[in-house]
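Secondary and tertiary structure notes
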Amino acid sequence: MQKARILIMDDEARERKRIGEYLTQRKYDVLAVATVQEAMDAIKRERFDAFVTDCNIPGVDALRTSDDARRINPDMAVIIMTSFGTIETAVKAIRAGAYDYLPKPVDLDQLVVLIERISERRDLMQENAELKKMLVERYKFAEIVSTSHAMEEVLNMAGRVAASSATVLLRGESGTGKELIAKAIHFQSPRASAPLIKVNCAALPETLLESELFGHEKGAFTGASARRTGRFEAADGGTLFLDEIGELTPAMQVKLLRVLQEREFERLGGNQTIKVDVRVITATNRDIEKALNEGMFREDLYYRLNVVSLVIPPLRERKEDIPELIEFFIKRYSDENKKNITGISAETRDLLIRYSYPGNVRELENIIERAVVLAKKGVITTADLPIPVRTIASEGKLSAQKLKGSLNETLDTVERGIILEALKESGGVQTRAAEKLGISERVLRYKLKKYTIK
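Since this is a predicted model, take the numbers as computed values, not measurements.

Here we come to the packing of helix α13 (residues 322–336) against helix α15 (residues 360–374). Contact geometry of α13 with α15 gives a least axis separation of 9 Å together with a crossing angle of 45°. Considered as vectors, α13 and α15 are oriented oblique to each other. Considering only the axes of α13 and α15, their crossing is right-handed. Residue-level inspection shows Ile322, Leu325, Ile326, Phe329, Ile330, Arg332, Tyr333 and Ser334 of α13 in contact with α15, the latter providing Val361, Leu364, Glu365, Ile368, Glu369 and Val372. Grouping the constituent residues of the contact of α13 with α15 by class yields 10 nonpolar, 1 polar and 3 charged.

Glancing now at the packing of aromatic side chains. Each aromatic ring pair is summarised here by two numbers: the centre-to-centre distance and the angle between the ring planes. What the rule picks out here adds up to 6 aromatic pairs. An angle of 45° between the planes, with centres 6.1 Å apart, marks the rings of Phe232 and Phe265 as tilted. Here Phe265 lies in strand β9 (residues 264–266) and Phe232 lies in helix α9 (residues 231–234), a separation of 33 residues in the sequence. Judged by its relative accessible area of 1%, Phe232 falls in the buried class. For the pair Phe328 and Phe329, a centre-to-centre distance of 5.4 Å together with 65° between the ring planes defines the contact as edge-to-face. On the basis of relative accessible area, Phe328 is assigned to the partly exposed category, the value being 35%. Here a set of aromatic residues connected by ring pairs shows up, and it is made of Phe214, Phe232 and Phe265. Looking at Lys3, its charged tip hangs above the ring of Tyr28, at a distance of 4.6 Å from the centre.

With an omega of -5°, the peptide bond between Lys104 and Pro105 qualifies as cis. Here Pro105 is to be found in the loop between β5 (100–103) and α5 (108–138). Phi is positive for Lys27, close to 70°, though the residue is something other than glycine. By secondary structure assignment, the location of Lys27 is in the loop between α1 (13–25) and β2 (29–33). The backbone phi angle of Tyr357 is positive, close to 55°, even though this residue is not glycine.

Rules behind the numbers
- Residues numbered from 1 in each chain as written.
- Predicted model: local features only at pLDDT ≥ 70, side-chain atom pairs only at ≥ 80, totals over all residues.
- Heavy atoms only, no water.
- Axes fitted to C-alpha atoms, helices over the stretch in contact; angles between N-to-C directions.
- Helix = DSSP H or I, 4+ residues; strand = E, 2+ residues; numbered from the N terminus.
- Parallel < 35°, antiparallel > 145°, perpendicular 65-115°, else oblique.
- Left-handed = near helix turned anticlockwise from the far one by under 90°.
- Contact = heavy atoms within 4.5 Å.
- Nonpolar A, V, L, I, M, F, W, Y, C, P; charged D, E, K, R; others polar.
- Phe/Tyr/Trp six-rings, centres within 6.5 Å; stacked < 30°, edge-to-face > 60°.
- Buried < 20%, exposed > 50% of the residue type's maximum accessible area, 1.4 Å probe, protein only.
- Lys NZ or Arg CZ within 6 Å of the ring centre and 35° of its normal.

Shown next as structure tokens:
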């Protein structure tokens, strides 16, 4: 932790010296001055973490001095030193934005405690600023791994809409990267320094979801022992990302529509109307048009959410992205696990490109993470892939000539091959083979009998 830089202003030379020497002995960087003019010149010239000022200097307006100092350096904390007769002035200064006050003669140990708190606050603010900067860099559209034309169109559209406050509806299968796109839109928008709040609408029942979104007052329902701020309130000035929006009940759809239209709401159990400025991004993997036709989703809400619609294609429709994603995930998980994985074999890469990825990018990421953890050498091989992936990938692109018989017969052939591969890797030990396949030993025995495997 960097030691704080302190400015002291006191017209009493003895007190100025006493405080200055004490803080200097504790390795603080201290400048002590006697007049307001000297203090203001120093604040304009240098950066200080704390300004410790006497409010008893004749002819000096303590409130004005505090305001002028913070106007020059808004991040600087002001500590007022006051005698008994001017405590009221110090309290007014605190209400106007000063950090705290200390009675004179100042308790130096108490002053150090205040300065340490100020230093911790400064370090936390710096960490937050650096974290936000890292997030902005991480979620640049250019940083999203993609070379396919289909994905580039999505990213270009997202980049154009980011500068606006338009509501965005992200559509696509699970695991395609809808949340990643939502983060990129937020962090490349004018709202980047404000909060990005995420809510999964499918994860909570209706009563809890209403409290989660809008908050509640004390006593609003059983267990509501205190007031709670909702996600809309927490996201004021920023972005609220509502995932799985297609799972909202009709009652919640009405309440969400009102917030989008009026930009206001009441907490659960409360009467106070709260106004918010929130950009809403939603996502779904459901067929919203089908839900509209079935009367399960409100048409007016749909048009409010669907100002800009971005459809994220599944990974199987943008195979050209797979090699680059493989390299990206290998590097990420090699660094995280402190393993020196330099690449992937050509055969393994080919298998991964041919795989269909029902779980999309998320599934590919999990496959690579597992392979990095299990890899014994510096190169990932087919042995490091899950058995279903390597078997389905190798057999899943059988030509029409090879696919003889019914669909069930074809699926049986694939399943038989997976079981044989698991038994081979397990040295014929059925318990281990069942674990690899993710099934019970009883089910395995049934399938061994079914496919006449000995």
